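Residues per chain, in single letters:
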Amino acid sequence: MIKLALICLVVAAVAAILGFGGVAGAFVDIAIWLAVIAAVLFVIFLVLGIMAGKKASDALD
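Residues numbered from 1 in each chain as written. Predicted model: local features only at pLDDT ≥ 70, side-chain atom pairs only at ≥ 80, totals over all residues. Heavy atoms only, no water.

## Observations concerning the overall build of the chain
Reasoning step 1: What the chain contains, in helices and strands, is two helices and zero strands.
Reasoning step 2: Seen along its three principal axes, the alpha-carbon backbone of the chain occupies a region of about 65 × 15 × 10 Å.
Reasoning step 3: Burial analysis of the chain (61 residues in total) assigns 13% to the buried set.
Reasoning step 4: Accessible surface, the chain: about 4700 Å² in total, of which carbon and sulfur atoms supply 82%. (Helix = DSSP H or I, 4+ residues; strand = E, 2+ residues; numbered from the N terminus. Buried < 20%, exposed > 50% of the residue type's maximum accessible area, 1.4 Å probe, protein only. Areas by Shrake-Rupley, 256 points an atom, 1.4 Å probe, with all protein chains shown as cover.)

Set out below in structure tokens:
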């Protein structure tokens, strides 16, 4: 997902250089949303992984 966000940023930069301001703005918005979604998913899976690790270590003790 981060890869898609970076691709959108590159496309936005190229579009901005070529003078397509509206398209560039849309791609920047898409890139921001993808980055936010990726960050939220990272935090969720990080918390779930820590919780699962604690349960596994408790079961082994």
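Text resumes after the structure shown.
## Side note on the packing of helix 1 (residues 2-18) against helix 2 (residues 21-60)
Axis angle and axis distance: for two packed helices, these are the angle between their axes and the distance between the axes, and together they describe the pair.
Reasoning step 1: Viewed as axis vectors pointing N to C, helix 1 and helix 2 meet at an angle of 165 degrees, and their least axial separation amounts to 8 Å. With respect to helix 2, the element helix 1 is oriented roughly antiparallel. Handedness of the crossing formed by helix 1 with helix 2: left-handed. Along its contact with helix 1, which presents Ile 2, Leu 4, Ala 5, Cys 8, Leu 9, Val 11, Ala 12, Ala 15 and Ala 16, the element helix 2 presents Val 23, Ala 24, Phe 27, Val 28, Ile 30, Ala 31, Leu 34, Ala 35 and Ala 38. (Axes fitted to C-alpha atoms, helices over the stretch in contact; angles between N-to-C directions. Parallel < 35°, antiparallel > 145°, perpendicular 65-115°, else oblique. Left-handed = near helix turned anticlockwise from the far one by under 90°. Contact = heavy atoms within 4.5 Å.)

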